[in-house]
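Secondary and tertiary structure notes
Given next are the chains, with one letter for each unit.
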Amino acid sequence: MANAVRALAMDAVEQAKCGHPGLPMGAADIATVLFARFLKFDAGDPEWPDRDRFVLSAGHGSMLLYALLHLLGYEKMMIDEIKRFRQLGSLTPGHPEHGHTPGVETTTGPLGQGLANAVGMAIAERHLAAEFGSDIVDHFTYVLASDGDLMEGISQEAIALAGHLQLRRLIVLFDDNGISIDGPLALADSVDQVERFQSAGWAAARIDGHDPAAIADAIELAQKSARPSLIACRTTIGFGAPTKAGTEKAHGAALGADEIAGARRALGWSPPAFEIPPEIHALWRSAGDRGRPARLAWERRVAMLPGEQRAEFERRQRGELPNEKLAAAIRRTKQMLADKPRQIATRAASELALEGLTAALPEMIGGSADLTGSNNTRAKAMTALSAADYSGRFIHYGVREHGMAASMNGQALHGGIIPYSGTFLVFSDYCRPAIRLAALMGQRVIHVMTHDSIGLGEDGPTHQPVEHLAALRAIPNLKVFRPCDAVETVECWQLALQNGSGPSVLALTRQNVPQLRRGFDDGNRCAAGGYELEPADQGEAVVSLFASGSEVAIATAAKKLLGERKIPTRVVSVPCFELLLATPPDERAAIVGNARVNVAVEAGVRQGWDDIIGSAGTFVGMNGFGASGPGQELYRHFGITPETVAQAALDSFN
């Protein structure tokens, strides 16, 4: 059975003339024991909610997973897809892609991400088991990780969090082959991974990764552990290849016809390329069907749940929002702000919104990277999720922004949870690889990023984001919301929750801002991405002022200054570039308007604004890094004031 995996991997990489045969050949014994004897799944239903999760964190070894999916009988993974490895439009891309290939739990390739995703999946499993019971949620998360995964810094963040939370249903199988791209691993690394994991609170052991009995014994022991487990499986990369096995030459290139012929002889494998003997295929198909009785029994247990509980579980698994409850929570908060306007920071407005939203949406799991009091992400009723109580809905991630972001991806991928968490906007740099993957996978993950400009003040340029809004807006399928006041903050939260096909960032202020939206508005004006907040007072506008976040108030003050000069001016709030640019052209043109002069103001760099104001438009913002000092003084120091904006408009007439 293991040699069938090796053969398909060799043949597919050889046909594509590129790829990574070494890991599939070396880890085939591990995968065969896991899938044939332990993994709870049904190849006929890849989306079964209570299946065990298998994460190939070492995504470069994708042919291992594709070979398994084909052999196990996943419907769409026919042999023609194996033959089309790495070809445009195939189900076998160079690295596994969630949502593209059935059976792929997460998109991997950037090393360390899959391991951290798996921590999030294990968190989700424990939380949902605490909420719905172990008869409904009771599964393991397995990871196949490479030495590269464990060298990436994110791995330390992930394993420390998992150990702290005692995620005992997380089992990592380490393909310990001692080889990296450059050559022997000893060239760059001498860490004892077993001791490292043990120091983080894991159970850890070493075994022979080519001994099926040792593999099975280690997995059985790990399943009984009270802690997460690492099984370091000593393997030979490119196992079976006569001259390249055990060397870097087996890692990332086709083996070549002669080497493959030699490997076939060494492995005792005689069938031609892409052919699997019927008796071996039958064994694999039996393994693919092994979990069907367990799935059917699980479906019967779900059917026996009380009606309301069953409906709630199934709704959350579908990823559907309780729209009536969500709308009511939004309406109550907006009515409260209409009745009593508040001049507060948008981070505080977010906290206000979360009080109602988290009560209405029990699937919301919050957190913060050791900045809870600054990010305002913990609603009053939320208890901490911990090893002692997995039913809690707030996760203390510690100072682990990258691990936090990747863990949230795993929670979203697991299903049944909408994860959100907080850090400072400047630290989005630490989160960026995971945010990009959330966008690529289309996962609803919400990042609350506060202290969004020089307005944070005295902490200085190390903490003042300047280029970060533009950098985040550059990521496809990511929505970046920067609300101007409390009302917009509530509306942006609604839009982020309703965005079921990608991640969102809420960029929020530290400093107080005036509530510019007065009265009650049942609609969501932010949904268009931009809207006319204040029309011109005297006829058709000659000047349009565009702004986001805290600078909208500066734009409204500049409008008054221009009004004193009898210059008709309108103000357009732009809380979300992505939504504005996605509106139909005629609607977008109506929002942008046809004023003679366009001026944008934002306490960041200009990049991205030309799509709205045009290259001939004027921009008032930042051209360099910030400085340490009180926020209001910094705005004056850097020339981001109503007077500067008004003068920029006047200068544009020349």
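First things first, this report covers the structure right here in the doc. (Residues numbered from 1 in each chain as written. Predicted model: local features only at pLDDT ≥ 70, side-chain atom pairs only at ≥ 80, totals over all residues. Heavy atoms only, no water.)

Our next topic: the overall build of the protein chain. Of the regular secondary structure elements, the protein chain holds 26 helices and 20 strands. Computed over C-alpha atoms, the radius of gyration of the protein chain comes to 27 Å, within 12% of the 26 Å expected from 2.2 N^0.38 for 654 residues, which places it in the range of a compact globule. With the C-alpha coordinates of the protein chain rotated into their principal frame, the extents come out at 90 × 55 × 45 Å. Split into buried and exposed, the 654 residues of the protein chain put 61% on the buried side. Summarising the internal contacts of the protein chain: among those between residues at least 6 apart in sequence, 78% fall at separations of at least 24. Taken as a whole, the protein chain presents about 24,100 Å² of accessible surface, with 50% of it coming from carbon and sulfur. (Helix = DSSP H or I, 4+ residues; strand = E, 2+ residues; numbered from the N terminus. Rg over C-alpha atoms; globule rule 2.2 N^0.38 Å. Buried < 20%, exposed > 50% of the residue type's maximum accessible area, 1.4 Å probe, protein only. Contact = heavy atoms within 4.5 Å. Areas by Shrake-Rupley, 256 points an atom, 1.4 Å probe, with all protein chains shown as cover.)

An α-helical turn contains 3.6 residues, so any two residues separated by three or four positions project in the same direction. Helix length check: helix H17 (residues 401-414), at 14 residues, gives a terminal C-alpha distance of 20 Å against a target of 20 Å (1.5 Å per residue), a fit within 8%. Most of H17 is tucked away: 14 of the 14 residues are buried. Downstream of H17 by a residue or two, Gly 415 has a phi angle that is positive, lying close to 100°. (Expected span 1.5 Å × (residues − 1).)

Taking 1.5 Å of rise per residue, 14 residues should cover 20 Å, and helix H21 (residues 551-564) covers 20 Å from first to last C-alpha, within 8% of that figure. All of the buried residues in H21 are Glu 551, Val 552, Ile 554, Ala 555, Thr 556, Ala 558, Lys 559, Leu 562 and Gly 563. The inward-facing, buried residues of H21 contact strand E16 (531-534), strand E17 (543-547), strand E18 (569-573), strand E19 (597-601), helix H25 (631-637) and helix H26 (642-651). A positive phi of about 65° marks Lys 566, the residue just after H21.

Scanning the model with the defined rule gives 35 salt bridges in all. Across the pair Glu 14 and Lys 17 runs a salt bridge whose closest N-O atoms are separated by 3.1 Å. With its nearest N and O atoms 2.5 Å apart, the salt bridge here joins Asp 42 to Arg 295. Residue Asp 42 is located in the loop between helix H2 (22-38) and strand E1 (53-56), and its partner Arg 295 is located in helix H12 (residues 292-303); the two are separated by 253 residues in the primary sequence. For the residue pair Asp 42 and Arg 295, the accessibility class agrees, reading buried in each case. Each of the salt bridges in this network shares a partner with another, and the network as a whole consists of Asp 42, Asp 45, Asp 289, Arg 292, Arg 295 and Glu 299. (Salt bridge = Lys/Arg side-chain N within 4 Å of Asp/Glu carboxyl O.)

This brings us to the side chain of Arg 295. With relative accessibility at 12%, the residue Arg 295 sits in the buried group. Polar contacts involving the side chain of Arg 295 include one to the side chain of Glu 299, which spans 2.8 Å. Beyond its immediate stretch of four places on either side in the chain, Arg 295 contacts Asp 42, Asp 45 and Trp 48. (Polar contact = N/O pair within 3.5 Å; in protein donor to acceptor, adjacent residues only side chain to side chain.)

Leu 167, Leu 170 and Trp 202 are the most contacted members of the largest nonpolar core, which has 68 residues in total. Of the residues forming this core, the biggest block, 11 residues, is contributed by helix H5 (residues 113-132). In this structure Leu 170 touches Ala 118, Val 119, Ala 122, Thr 141, Val 143, Ala 162, Trp 202, Pro 228 and Ser 229, once residues within four positions along its chain are discounted. Ile 330, Ile 454, Val 571 and Leu 634 belong to the second largest nonpolar core, which has 64 residues in total. (Core = buried A, V, L, I, M, F, W, Y, C linked by side-chain atoms within 4.5 Å.)

Turning next to the state of the cysteines. Applying the stated criterion across every chain, the model contains zero disulfides. In this model Cys 492 remains outside any disulfide bridge; the closest cysteine sulfur is found in Cys 526, 4.1 Å from its own. (Disulfide = S-S within 2.5 Å.)

With that out of the way, let us pick up the sheet that holds E1. Read across the sheet, five strands follow the order E1-E2-E3-E7-E6 without closing on themselves; strand pairing throughout is parallel. Both outer strands of the open sheet, E1 and strand E6 (203-208), are each paired with one neighbouring strand and no more. Shown here is a sheet whose adjacent strand axes are inclined to one another by a mean of 20°, direction ignored. The pairing of strand E2 (residues 141-145) with strand E3 (residues 170-176) spans five bridges and is parallel. By the bridge assignment, Tyr 142 is partnered in E3 with Ile 171. Packed onto the sheet, H5 meets E1, E2 and E3 and runs at close to 170° relative to E2. Along the sheet, helix H9 (residues 212-223) contacts E2, E3, E6 and strand E7 (229-234); its crossing angle with E6, the most-contacted strand, is approximately 170°. (Pairing = 2+ DSSP bridges. Axes fitted to C-alpha atoms, helices over the stretch in contact; angles between N-to-C directions.)

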